[in-house]
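# Remarks on the overall topology
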Amino acid sequence: MKLVVIGLGQCGGRIADEFARLGIRARTQRGIEIITGAFAVNTDVADLTGLVTIRPDYRHRILIGAQKTSGHGVGKINELGAEIARDDSDKIIDVIRMAERFPETDAFLLVAGAAGGTGSGAIPTMTQFLKERYIEKPIYNLIVLPFHHEEETEGRTIYNAATCLKSAYLVADAVFLIDNQRYISEDSSVRSNLAKINALIAEPFYNLLCAGEEKKPQYIGSRIIDAGDIIQTLTGWTVMGYGKSQPRPKGLFQGKGDFREKASETQKGVHVMNKAIGELSLQCNPADAGRGLYLLSAPSKEMDMNLIKELGTYLKGIAPEALIRAGDYPREKDSLNVIIILSELSYVKKITGYFTKTIDFISTLKKRREGVEYEHRGIEEAFKDIPTLL
Ligand SMILES: Nc1nc2c(ncn2[C@@H]2O[C@H](COP(=O)(O)OP(=O)(O)OP(=O)(O)O)[C@@H](O)[C@H]2O)c(=O)[nH]1
Ligand SMILES: [Mg+2]
């Protein structure tokens, strides 16, 4: 599957930069194309300058709203981010359309942090614009949810997240949910290391996008996951999981065909899938998924139909409502890894929480404002009969 990736705001731009790296890796290591264009759009000059892999010209690093923000961002006001993206949407669409490999693109992936201003506001408006222009191409959003400490301390965090998520859900074909917090709890060495988190966010897409683009017979699985399968799977709220096994120590089993080796491989497959489920990009209950997909990548000698079937049975057990698609991707020397997508989620606790808190916040704000207005009315009433000096 081939994607055009557009990063909006700082978070989005940096993750798009990561996708640009995946694209180069696929081309140099595997001779295939998975990224037909990587762009960063921002109101902030410094953020655009800090990127590494996205081409540095104005056609790939797109500055918007320069008159309104003087190149310094929108200071977390996502309404302003939305407005600027709306005003400059033609400029963005024009450069994307001109990209060399654009016609081969299967889908768009727009990326942003929910809690900021530029990305949070721009992602739904850009999605809407693209949707109107490219009816035939699906448009996906990948939205990064804030760290726990940001929710506690920064006033607009939850409000921005709620407005961004609702708007994105209304226009995008699917919304990948990525929880920044989850990468901290998983491994404390990545604490506040955003670059590492970004690499972890992008990594599962590597095999997923490559699998259907392979041309060499030895890398073509018995069940191929291609763009069609992915497009059929992605709809509404979506999470991803990725699990990887450690390479087996040499000489553990006696030789080819050792029965313990076979049993151990099936076990290892289920273990890796368990890991992928345990480390979903946002915690949720797999039973709430309406669709699912898994892709098993492993050296071909470690992979057989039995293992794929075993993993399918396992996933069906925990996501019984989901229509599941499956595939395998034989690799030469990679360790065994599993990518899982759970889509069409009917309930996601964290997202519902943002909506509830924001509604409470709006109603408190309204009450407070009404109270102030009442007092003002009171004062005006009270001085009605006082003579004025004007
Ligand atoms: N995973 C990840 N999260 C990031 C990164 N940069 C920022 N964030 C998160 O994104 C949110 C802030 O959004 P930004 O992208 O910085 O904001 P922006 O879109 O540039 O908007 P303004 O700066 O307000 O104009 C916070 O929740 C951050 O934790 C990053 O590189 N990786
Ligand atoms: Mg910014």
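Anything mentioned here points back to the structure above.
The rules we used
- What you see as residue numbers is a count from 1 along each chain, following the sequence as written.
- To label them, take the chains in the order written and letter them from A, then take the ligands in the order written and number them from 1.
- Local features in a predicted model are, by the rule used here, given only for residues with pLDDT of at least 70; side-chain atom pairs are given and counted only at 80 or more, and totals for whole chains, interfaces and linings are based on all residues.
- Computation of side-chain values covers all heavy atoms of the structure but excludes hydrogens and water.
- A patch is a set of surface residues, each over 30% in relative accessible area and not in a salt bridge, joined within 9 Å for like charges and within 5 Å for the nonpolar side chains Val, Leu, Ile, Met, Phe, Trp and Tyr.
- Accessible surface is estimated by sampling points in the Shrake-Rupley manner with a 1.4 Å probe; for residues, cover comes only from the protein chains shown.
- Salt bridge criterion: a side-chain nitrogen from Lys or Arg within 4 Å of a carboxyl oxygen from Asp or Glu.
- What counts as a helix is a DSSP run of H or I of at least four residues, what counts as a strand is a run of E of at least two, and both are numbered from the N terminus.
- For every residue, the accessible area obtained with a 1.4 Å probe (protein chains only) is divided by the maximum for its type, and the residue is called buried under 20%, exposed over 50%, and partly exposed between those limits.
- For helices, the fitted line uses only the C-alpha atoms of the stretch in contact; every axis is such a line through C-alpha atoms, and the angle between N-to-C directions lies from 0 to 180 degrees.
- Any angle between 65 and 115 degrees counts as roughly perpendicular, while under 35 counts as roughly parallel, over 145 as roughly antiparallel, and the rest as oblique.
- Note on convention: the crossing is left-handed when the near helix lies turned anticlockwise from the far helix by less than a right angle, right-handed when the turn is clockwise.
- Contacts are assigned to residue pairs that have any heavy atoms within 4.5 Å of one another.
- Residue polarity follows a fixed list, in which Ala, Val, Leu, Ile, Met, Phe, Trp, Tyr, Cys and Pro are nonpolar, Asp, Glu, Lys and Arg are charged, and the others, Gly among them, are polar.
- The rule for pairing is simple: two strands pair if DSSP sees at least two bridges between them.
- Look down the strands so they point away from you; if the path from the first strand over the helix to the second goes clockwise, the crossover is right-handed.

## Quick notes on a nonpolar patch on the surface
A cluster of nonpolar residues, F361, I362 and L365, forms a patch on the protein surface that exposes about 240 Å² of accessible area. In this fold, I362 is placed in helix α15 (residues 349-382). You can call I362 partly exposed: its relative accessible area is 42%.

## Here's the deal with the packing of helix α1 (residues 9-30) against helix α11 (residues 204-211)
For the pair α1 and α11, interaxial distance at closest approach is 10 Å and the crossing angle is 50 degrees. By the angle between their axes, α1 is oblique relative to α11. The two elements α1 and α11 meet at a crossing, and its hand is right-handed. Across from F19, L22, R25, A26, Q29 and R30 in α1, the residues of α11 making contact are F205, Y206, N207 and C210. Each residue belonging to the contact of α1 with α11 can be placed in one class, and the counts come to 6 nonpolar, 2 polar and 2 charged.

## Quick word on the pairing of strand β4 (residues 107-113)
Judged by how many residues are buried, β4 sits mostly within the fold: 7 of 7 residues are covered. Where strand β1 (residues 3-8) lies against β4, 5 bridges are found, and the strand directions are parallel. Within β4, the position partnered with G7 by the bridge is V111. Across 6 bridges, β4 lies against strand β5 (residues 139-145) in parallel orientation. Each residue of the ladder has a partner; that of L110, found in β5, is N141.

## Considerations on the pairing of strand β8 (residues 291-299)
Counting buried positions along β8 gives 8 out of 9 residues, so the element sits mostly inside the fold. In this sheet, strand β9 (residues 323-331) lies alongside β8 in parallel orientation, the contact comprising 9 bridges. Paired with A298 across the bridge in β9 is P330. Handedness of the crossover is the feature at issue here: the chain leaves β8, passes through helix α14 (residues 305-318), returns alongside β9, and the resulting connection is right-handed. For β8 and strand β10 (residues 337-343), the ladder comprises 7 bridges, and the chain directions are antiparallel. Note on β10: the bridge partner recorded for R291 is S343.

By themselves, these figures tell us nothing about what the structure is for.
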